[in-house]
Amino acid sequence: MGRLQKILIPFLGLVLAFCFYSARENFKPEMLKGKRVIVTGASTGIGEQMAYHLARMGAHVLVTARTEAKLQKVNGKLSTHTCMLMACTHKRRKANLTSQVVERCRELGAGSARLISGSMEDMAFAKRVVEAAEAELGGLDMLILNHVGKSYFSYFDGNVRHVQKLLDINFLSYVAMTVSALPMLKQSGGSIVVVSSMAGKVGFPFTVPYSATKFALDGFFSSLRQEFRIQNVNVSITLCILSFIDTESAVRAAADVLLMSPAPKEECALEIIKGGALRQREVYYKYALTKIPLLLRDWAAELLDYLVRQHYQVERPPAA
Ligand SMILES: NC(=O)c1ccc[n+]([C@@H]2O[C@H](COP(=O)([O-])OP(=O)(O)OC[C@H]3O[C@@H](n4cnc5c(N)ncnc54)[C@H](OP(=O)(O)O)[C@@H]3O)[C@@H](O)[C@H]2O)c1
Ligand SMILES: *[C@@H]1O[C@H](CO)[C@@H](O)[C@H](O)[C@H]1NC(C)=O
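This text gives an overview of the structure that appears in the document.

Conventions adopted
Residues numbered from 1 in each chain as written. Chains lettered and ligands numbered in written order. Predicted model: local features only at pLDDT ≥ 70, side-chain atom pairs only at ≥ 80, totals over all residues. Heavy atoms only, no water. Phe/Tyr/Trp six-rings, centres within 6.5 Å; stacked < 30°, edge-to-face > 60°. Buried < 20%, exposed > 50% of the residue type's maximum accessible area, 1.4 Å probe, protein only. Lys NZ or Arg CZ within 6 Å of the ring centre and 35° of its normal. Near = heavy atom within 4 Å. Polar contact = N/O pair within 3.5 Å; in protein donor to acceptor, adjacent residues only side chain to side chain. Areas by Shrake-Rupley, 256 points an atom, 1.4 Å probe, with all protein chains shown as cover. Helix = DSSP H or I, 4+ residues; strand = E, 2+ residues; numbered from the N terminus. Nonpolar A, V, L, I, M, F, W, Y, C, P; charged D, E, K, R; others polar. Pairing = 2+ DSSP bridges. Axes fitted to C-alpha atoms, helices over the stretch in contact; angles between N-to-C directions. Contact = heavy atoms within 4.5 Å. Right-handed = clockwise from strand over helix to strand, strands pointing away.

Evaluated as defined, the whole model comprises six aromatic pairs. When the centroid spacing of 6.3 Å and the interplanar angle of 90° are considered together, the rings of Y284 and Y287 count as edge-to-face. A relative accessible area of 35% means that Y287 is categorised as partly exposed. Each residue in the set F153, Y155, F206 and Y312 is aromatic and connected to the rest through ring pairs, giving one cluster. The cationic tip of R104 hangs over the ring face of Y52; the distance from NZ or CZ to the ring centre is 4.5 Å.

Structure follows, in structure tokens:
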């Protein structure tokens, strides 16, 4: 095919996409008022910001995190003596720390706000979160799956066990929560919002296990979306394709290597909520940094791979 066509067709696609999206229903914050929403992984980062946006819009929010990690961080800054003293009031301390996000949500005007802590390595916990929504909110309108387990940002180290563990946290728990939440979501005509990444659409270096889990999400949820359409299940599935975002963990891991400035997590969080509320198929944020490379992906994969590598500052191993 001619080179001209290779350029023209993506360009036409862009124009069409623009017309298509601008003709759609507009987002209004009132859309979330009184809605019952679960946000997983909301102790920090994009999840935390989503919880605050939802609170401002008057939603009922149920947030999750492990919280132990946060506790350990705090403990690390304290003297051993304080830690020993605090160990006696472990339960209360935990409640205090984890309630920071919840408290802020209440201040911002959430219909209600609550937190359930536990690890998404455990599918029974994933199920419990959904059951809590049923018991305490009487149903569910939006399930925002956002948490990610810790991984490393460097060459694949060959650790198969780590890939398995990350698949449990980043993928299987999403599946488990979806299965548990489906009856409630069917009843409410609700939405599933899955937070993924460019690394879940394109091969990036240094995130091999993470990337595998994000590609798995695309396969599962894109396939499930098709079945919902065939079966007339009125539950929307929104897959969110994010570029580099300025959360603490991402900046700490990648800022020295990625030749790209991160986009703001607050705006990112809002775009995800908008996309979910509008029942969009996919969300692209930042739009140009995700949509344009994805248009290239299927037409000029080698070129895209090359361009991706140009955005990494790496010390190359000596030639063999
Ligand atoms: N930041 C980026 O550049 C970027 C780019 C593309 C996509 N994304 C996606 O955006 C989403 C949010 O990313 P982020 O940067 O905001 O992440 P983050 O700041 O690292 O937050 C991750 C959240 O997940 C929770 N979590 C971690 N391990 C967990 C476990 N085993 N069980 C339950 N919860 C766990 C963490 O809380 P605890 O540690 O307290 O459990 C935290 O609330 C992720 O899906 C990520 O893949 C981010
Ligand atoms: C599907 O659910 C949405 C949101 O709850 C609602 O606006 C829409 O009318 C529903 N569609 C059908 C066909 O029931």
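Looking now at the site of ligand 2. Around ligand 2, the surrounding shell consists of S188, G189, N234 and R279. In this structure, G189 approaches ligand 2 through a main-chain N or O atom, which is 3.0 Å from an oxygen atom. The separation between an oxygen atom of ligand 2 and a polar side-chain atom of N234 is 2.4 Å. When ligand 2 is considered free in solution it has 370 Å² of accessible area, and contact with the protein chains removes 29% of it.

Time to look at unusual backbone geometry. Cis peptide bonds are those with omega within 30 degrees of zero, and the linkage from Y285 to K286 qualifies with -15°. Turning to its location among the elements, K286 is positioned in the loop between β7 (282-285) and α11 (287-297). Of note in this structure, R279 is not a glycine but carries a positive phi near 60°. When you line up the elements, R279 lands in the loop between α10 (265-277) and β7. Residue R279 is classed as partly exposed on the basis of its relative accessible area of 32%.

Here we take up the site of ligand 1. What surrounds ligand 1 is a group of 30 residues, the closest being I46, R66, Y210, T247 and S249. Between ligand 1 and V148, the relevant distance is 3.4 Å, taken from a nitrogen atom to a main-chain nitrogen or oxygen of the residue. The side chain of K214 places a nitrogen or oxygen atom 2.9 Å from an oxygen atom of ligand 1. Broken down by secondary-structure element, the contributors of at least two residues to the shell around ligand 1 are α2 (45-56), β5 (191-197), α8 (208-231) and α9 (248-254). Looking at the shell around ligand 1 element by element, the count peaks at three residues for β5. Class assignment of the residues belonging to the shell around ligand 1 gives a composition of 13 nonpolar, 15 polar and two charged.

The strands that make up a sheet pair up through hydrogen bonds in the backbone, lying either parallel or antiparallel. Taken together, seven strands build an open sheet; the order of strands is β3-β2-β1-β4-β5-β6-β7 and the sheet is parallel. In this open sheet, the two edge strands, each paired with only one partner strand, are β3 (112-117) and β7. If you compare each strand with its neighbour and ignore which way they point, the axes differ by 15° on average. Here seven bridges tie β5 to strand β6 (residues 236-242), and the two strands are oriented parallel to one another. Across the sheet, I192 pairs through a bridge with I237, a residue of β6. Against the sheet, α8 engages β4 (142-145), β5, β6 and β7, with an angle of about 150° to β5.

This next bit is on the environment of K6. The topology assignment puts K6 in helix α1 (residues 3-22). For K6, a relative accessible area of 38% puts it in the partly exposed group. C-alpha separation for the pair K6 and L296, spaced 290 residues apart in sequence, amounts to 8.9 Å.

Here the focus is the pairing of strand β1 (residues 36-39). Moving residue by residue along a regular strand, the side chains alternate between the two faces of the sheet. Summarising the sheet, β1 and strand β2 (residues 60-65) pair through four bridges and their orientation is parallel. Residue pairing across strands places V37 opposite V61, the latter belonging to β2. Between the parallel elements β1 and β2, the chain passes through α2 in a crossover that is right-handed. The pairing of β1 with β4 spans three bridges and is classified as parallel. Counterpart to V37 in the pairing with β4 is M142.

These values are about where atoms sit, not about what they do.
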